[in-house]
Amino acid sequence: DAKTTQPPSMDCAEGRAANLPCNHSTISGNEYVYWYRQIHSQGPQYIIHGLKNNETNEMASLIITEDRKSSTLILPHATLRDTAVYYCIVRVGSATDSWGKLQFGAGTQVVVTP
Amino acid sequence: GAVVSQHPSWVICKSGTSVKIECRSLDFQATTMFWYRQFPKQSLMLMATSNEGSKATYEQGVEKDKFLINHASLTLSTLTVTSAHPEDSSFYICSAKIRGHEQYFGPGTRLTVT
């Protein structure tokens, strides 16, 4: 699976949008971009995933560049409960990979401040 | 979303004893379950992948005789840490998925070996 690069930490003001970048310059054509987050001492939580089109759900938006070498996770209105480590993971999509292993990197520690 | 539970949520055991951790998918039948380990201030490390009714596949460096995984049904997987030592103290997290769908994580089990 392609390796990803994320900033180690970032701060965000409550109520503002949080834009989390991820570089995945070696991504293959059949690899998806997944985002998970982990609040302290809890299991990771699935946020969103995409292949090449931008995606949006009730939690976040995912913007993938045209060359697919980078992406941005957008939390539109950050709250204090969004403080967590955010992981960007690139792997073969679950529809084609029956096992779907996830390899977690270091992630980005996001701290939302009042 | 789908719910995955773990039991116990935390456990303390003495060095040399064995401890079993259960992972259950509560509202779906999981085709695959995964076990991760997370040391303080580190990312999740995949330990093994298990499919119902078959032997688990362990990641490189994970001792299969020490970390016994049983996936007896589509809703239950167990991880047994045998002859536990203080260095096995960690946060153990399971996840479960259905083919073609996303991976859902349990809340984790904090193991402390004294």
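My aim in this report is to walk through the structure given alongside it, one point at a time. None of the values given here were measured: they were computed from a predicted structure.

Turning our eyes to something else, we now look at the overall build of chain A. Scanning chain A from N- to C-terminus turns up zero helices and nine strands. Each helix (α) and strand (β) of chain A, taken in turn from the N terminus, gives the series β-β-β-β-β-β-β-β-β. Projected onto its principal axes, the C-alpha positions of chain A cover 40 × 30 × 25 Å. Each of the 114 residues in chain A was classed as buried or not, and the buried ones make up 42%. Carbon and sulfur atoms make up 50% of the accessible area of chain A, which amounts to about 5,700 Å² in all. Here chain A contributes 9 positively and 10 negatively charged side chains, and the mean placements of these two sets differ by 3 Å.

This part takes up the pattern of salt bridges. Residue and element names in this part refer to chain B. Counted under the stated rule, the structure contains three salt bridges over all chains. Put simply, R24 and E22 hold a salt bridge, and the shortest N to O gap is 3.5 Å. Overall, the relative accessible area of 24% leaves E22 in the partly exposed class. Here D88 and K66 are joined by a salt bridge, their closest N and O atoms 2.9 Å apart. Residue D88 is located in the loop between β8 (76-81) and β9 (90-97), and its partner K66 is located in the loop between β6 (57-58) and β7 (67-73); the two are separated by 22 residues in the primary sequence. Residues D88 and K66 agree in their burial class; the two are buried.

A few words now on the interface of chain B and chain A. Each side of the interface is counted separately: chain B has 23 residues, and chain A has 23 residues. Regarding the contact of chain B and chain A, the summed buried area is about 1,700 Å², with carbon and sulfur atoms giving 50% of it. Looking at the side of chain B facing chain A, the largest losses of area belong to L44(B), E102(B) and F105(B), adding up to 28% of the total buried there. On inspection of chain B and its partner chain A, the count reaches zero salt bridges. Linking chain B with chain A are three residue pairs in polar contact (both at pLDDT 80 or more). Broken down by element, the residue count for the side of chain B that touches chain A peaks at four residues, all from strand β4 (residues 32-38) of chain B. For the side of chain B that touches chain A, the per-class residue count stands at eight nonpolar, ten polar and five charged.

Attention now goes to the state of the cysteines. A complete count under the given rule lists two disulfides over all chains for this structure. The disulfide that involves C22(A) links it to C88(A), with 2.1 Å between the sulfurs. Because the torsion about its S-S bond is -80 degrees, the bridge between C22(A) and C88(A) counts as left-handed. Note that C22(A) is positioned in strand β2 (residues 18-23) and C88(A) in strand β8 (residues 84-92), a separation of 66 residues in sequence. Side by side, C22(A) and C88(A) carry an identical accessibility label, which is buried. At a sulfur-sulfur separation of 2.0 Å, the disulfide partner of C23(B) is C94(B). Between C23(B) and C94(B) the disulfide shows an S-S torsion of about 80 degrees. By sign, it is right-handed. With C23(B) in strand β3 (residues 19-25) and C94(B) in strand β9, the pair connects residues that are 71 residues apart, well separated along the chain. Of the two residues, C23(B) and C94(B), both sit in the buried class. Not engaged in a disulfide, the cysteine C12(A) finds its nearest cysteine sulfur in C22(A); these two sulfurs lie 18 Å apart. Of all cysteine sulfurs, the one in C94(B) lies closest to C13(B), which takes part in no disulfide; the gap is 18 Å.

Calculation notes
Residues numbered from 1 in each chain as written. Chains lettered and ligands numbered in written order. Predicted model: local features only at pLDDT ≥ 70, side-chain atom pairs only at ≥ 80, totals over all residues. Heavy atoms only, no water. Helix = DSSP H or I, 4+ residues; strand = E, 2+ residues; numbered from the N terminus. Buried < 20%, exposed > 50% of the residue type's maximum accessible area, 1.4 Å probe, protein only. Areas by Shrake-Rupley, 256 points an atom, 1.4 Å probe, with all protein chains shown as cover. Lys, Arg positive; Asp, Glu negative; His and termini not counted. Charge placed at Lys NZ, Arg CZ, Asp CG, Glu CD. Salt bridge = Lys/Arg side-chain N within 4 Å of Asp/Glu carboxyl O. Contact = heavy atoms within 4.5 Å. Buried area = accessible area lost by both parts, 1.4 Å probe. Polar contact = N/O pair within 3.5 Å; in protein donor to acceptor, adjacent residues only side chain to side chain. Nonpolar A, V, L, I, M, F, W, Y, C, P; charged D, E, K, R; others polar. Disulfide = S-S within 2.5 Å.

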